[in-house]
Amino acid sequence: MLPRHDEPIAAIATAPGRGAVGIVRLSGRGLAALHGPLFGRPLRPRHAHYGPFLAADGSALDHGIALWFPAPHSYTGEDVLELQAHGGPVLLQLLLQRCLDAAAETDPATGRPRVPGLRLAQPGEFTERAFLNGKLDLAQAEAVADLIDASTEAAARSAARSLSGAFSQAVEALRDDLVQLRMLVEATLDFPEEDIDFLREADAAGQLARLQARLDDVLARTRQGALLREGMHVVIAGQPNAGKSSLLNALAQAEVAIVTPIAGTTRDVVQQSIQIHGVPLHVIDTAGLRDGDGVDEVERIGIARAWQRIESADAVLFVHDLSRAHDPHYASADAAIRAQLAARLAARVPVIDVWNKADAVGDASSDSEGSPDAGGHDRNGIRLSARTGAGLEALRQRLLQAVGWTGATPEGLFSARQRHVQALHRVRAHLTAAQAQLASPAPALELLAEELRLAHEALGTITGAFGADDLLGVIFSRFCIGK
Ligand SMILES: Nc1nc2c(c(=O)[nH]1)N(C=O)[C@@H](CNc1ccc(C(=O)N[C@@H](CCC(=O)O)C(=O)O)cc1)CN2
Ligand SMILES: Nc1nc2c(ncn2[C@@H]2O[C@H](COP(=O)(O)OP(=O)(O)OP(=O)(O)O)[C@@H](O)[C@H]2O)c(=O)[nH]1
Ligand SMILES: [K+]
Ligand SMILES: [Mg+2]
């Protein structure tokens, strides 16, 4: 059964384990009834009170600071009561239990429990209430979790910006423009004497084009925000002994994968998460791609796994051994892999050619000399040495560029999720359909209006203006308890 939103809740709000200070937090209606039993006195709203936290027999469980935020001026919008105690796990459990007991005690004045129904909170339930009571929108509530989970400074800074509403404001500005346009089109529908000329005069097409351009800008920044949070998957692929594992180790600055001169060393997929200038990347080393004799069953399975990873990559590093690149057999095997990559990868997935072992071919450093591929891939290729590290920084920059990282300062950024990127893509598709209607010689105004309505609805799922309860369940269940 779904938890009820009208029941008062309680949880330890601080991280599990020992700490200097630990907090028990309660939210709900009528929590003032606990002041007497827990503190022996009423609390003033929004003031820090130092004193004993009382057990049932009147002894002190601890001395700490109590805070009282009466509704609606609190984090959740309900009454919020906080006990800031010493941060011992046993003590905090005792205090939590004491709150539950005090709530269940019969109030002599009313003959009813002091706070009926007080129970332990589910994960994310405090923040869910903040959302339900309009203190935060859905994108801000998600930013709370992202701020807590942030693993890099850039991720934390951008989540804090989303929490303060930077992302929501960008979405709302789009929504305002969209509402303007919808009003125009709906007016045309409602008043039959207004017709398509009316829309032309109001430059509906121009408005739509400008909206589309602003949407693309928000989409690009949202994609970056999602990237910051989730990291992208970069798969290293290529023939055996090209130096794939050496490249993983060089990027990770650790001996993560086994490197030997034996072709077919790597069989299982090896994954390592790294950061490039604060951007998280998941780099995946795979078995060398080859077929024919000498490939045993283990290696064959490794190669099958390599292709699986390649097919779900956000970007591929196609590694070549420069010292063998002029060998026709080697070049034709590379060409076969290139054809396979083209067939198996979506067009938007970048393939970056990495010409490795530059140290082994002397200083034939002009690109035409050193990068023998004539297929037009050289310009975007990177020449480097996994052994010496030369060229590695250029690869890092190239990777950031490939994932759409414009190097914007965290000030211009907000955090976001794939869910938001997908919603904006749906908005975009509906706007494109609307544009097609408007551009046609005989536009169907009902269809135009419907596409704009659907765009509006898709936009609304980001901040939670439109949305289903099951979406809320998915989002809030991933929070920690007490948040
Ligand atoms: N002790 C403590 N620290 C905490 C929290 C908390 O719940 N308790 N927070 C929990 O995540 C964060 C702070 N978030 C908060 C957000 C709003 C309000 C609040 O009282 N809002 C009122 C009044 C606003 C005002 O005075 O400007 C409101 O919105 O009406 C409190 C904390 C981080 N630090
Ligand atoms: N000179 C030179 N040798 C390198 C470089 N990178 C890798 N090697 C050597 O090339 C050989 C193969 O390197 P690995 O990293 O194991 O190659 P791999 O592509 O992972 O090979 P498999 O896992 O077998 O497919 C090893 O002997 C490495 O020391 C480089 O930049 N310069
Ligand atoms: K090897
Ligand atoms: Mg390897």
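The rules behind each value
- Residues numbered from 1 in each chain as written.
- Chains lettered and ligands numbered in written order.
- Predicted model: local features only at pLDDT ≥ 70, side-chain atom pairs only at ≥ 80, totals over all residues.
- Heavy atoms only, no water.
- Near = heavy atom within 4 Å.
- Polar contact = N/O pair within 3.5 Å; in protein donor to acceptor, adjacent residues only side chain to side chain.
- 1 Å grid on protein atoms, 1.4 Å probe; cavity = no way out; pocket = protein on both sides within 12 Å on 5 of 7 lines; lining within 4 Å.
- Sits in = over half its atoms within 2 Å of the grid points.
- Helix = DSSP H or I, 4+ residues; strand = E, 2+ residues; numbered from the N terminus.
- Nonpolar A, V, L, I, M, F, W, Y, C, P; charged D, E, K, R; others polar.
- Pairing = 2+ DSSP bridges.
- Contact = heavy atoms within 4.5 Å.
- Axes fitted to C-alpha atoms, helices over the stretch in contact; angles between N-to-C directions.
- Donors = N, O, S within 2.8 Å, 3.2 Å for Na, K, Ca; no water.
- Buried < 20%, exposed > 50% of the residue type's maximum accessible area, 1.4 Å probe, protein only.
- UniProt positions renumbered as here; feature names shortened; annotations may be inferred.

**Q** Please give an account of the site of ligand 2 that cites residues and values.
**A** Not every one of the 24 residues close to ligand 2 is listed here, only the nearest: Lys244, Ser246, Gly264, Thr265 and Asp359. In the environment of ligand 2, an oxygen atom lies 3.2 Å from a nitrogen or oxygen atom belonging to the backbone of alanine 242. Contact between ligand 2 and serine 385: an oxygen atom at 3.2 Å from a side-chain N or O atom of the residue. Cavity membership is defined here by more than half of the atoms lying within 2 Å of grid points; on that basis ligand 2 lies in the second largest pocket. Top element by residues in the shell around ligand 2 is helix H9 (residues 244-252). It accounts for three residues. By residue class, the composition of the shell around ligand 2 is eight nonpolar, 12 polar and four charged.

**Q** Can you explain the sheet that holds strand S4 (residues 60-69)? Please cite residues and give values.
**A** Where strands meet in a sheet, backbone hydrogen bonds hold them as pairs that are either parallel or antiparallel. Ordered by their spatial adjacency, six strands build an open sheet running S3-S4-S5-S2-S1-S8, and the pairing between neighbours is mixed. Two strands in the sheet have a free side with no partner beyond their single neighbour: strand S3 (49-54) and strand S8 (119-120). Contacting strand S1 (9-12), strand S2 (19-28), S3, S4, strand S5 (79-87) and S8, helix H2 (residues 89-104) runs over the sheet at an angle of about 150 degrees to S5. Of the strands in this sheet, S1, S2 and S8 are in contact with helix H3 (residues 125-132), which crosses S1 at around 135 degrees.

**Q** Give a description of the coordination of the potassium ion (ligand 3) that names residues and reports values.
**A** On the protein side, the potassium ion (ligand 3) has Asn241 (OD1), Thr260 (O), Ile262 (O) and Thr265 (OG1) as donor atoms, found 2.5 to 3.0 Å from it. All donors of the potassium ion (ligand 3) come from a single chain, and their spacing in sequence reads N-x18-T-x1-I-x2-T. The two metals, the potassium ion (ligand 3) and the magnesium ion (ligand 4), are separated by 4.9 Å. Linking asparagine 241 in the loop between strand S9 (232-238) and H9 with isoleucine 262 in the loop between H9 and strand S10 (270-276), this pair joins segments that are 21 residues apart in sequence. Owing to a relative accessible area of 58%, isoleucine 262 belongs among the exposed residues under this scheme.

**Q** Help me get a handle on the UniProt feature "binding site: K(+)" (unreviewed entry) in the protein, residues and values and all.
**A** UniProt records the feature "binding site: K(+)" (unreviewed entry) for Asn241, Thr260, Ile262 and Thr265 in the present numbering. Of the residues just listed, which span 25 residues, no C-alpha pair is farther apart than 8.2 Å, and they cluster in one region. In the annotated group above, the second largest pocket draws its lining from Asn241, Thr260, Ile262 and Thr265. Relative to the elements of secondary structure, threonine 260 occurs in the loop between H9 and S10. Side-chain polar atoms of threonine 260 contact the backbone nitrogen of isoleucine 262, separated by 3.0 Å. Here threonine 265 is to be found in the loop between H9 and S10. Every residue in contact with threonine 265, bar those within four places of it in the chain, is listed here: Ile258 and Thr260. Only 2.6 Å separates the side chain of threonine 265 from the side chain of threonine 260, close enough to count as a polar contact.

**Q** Describe the sheet that holds S10, with residues and values.
**A** Spatial ordering of the open sheet is given by S10-S11-S9-S12-S13-S14, a layout of six strands whose pairing is mixed. Only two strands of the sheet have a single partner each, and these edge strands are S10 and strand S14 (382-383). In this sheet, strand S11 (residues 279-285) lies alongside S9 in parallel orientation, the contact comprising five bridges. By the bridge assignment, isoleucine 236 is partnered in S11 with aspartate 285. In the packing of helix H13 (residues 392-402) onto the sheet, contacts are made with S9, S10, S11, strand S12 (315-321), strand S13 (351-356) and S14, and the angle to S13 comes to roughly 175 degrees.

**Q** An account of the pairing of S1 is needed here, citing residue identities and associated values.
**A** Every second residue of S1 is oriented toward a common face, with Ile9 and Ala11 on one face and Ala10 and Ile12 on the other, all of them buried. Relative to S2, S1 runs antiparallel, the two sharing four bridges. In the sheet register, alanine 10 faces S2, and the bridge partner there is leucine 26. Linking S1 to S2, which pair antiparallel, is a turn of six residues; within it glycine 17 sits at a positive phi near 110 degrees.

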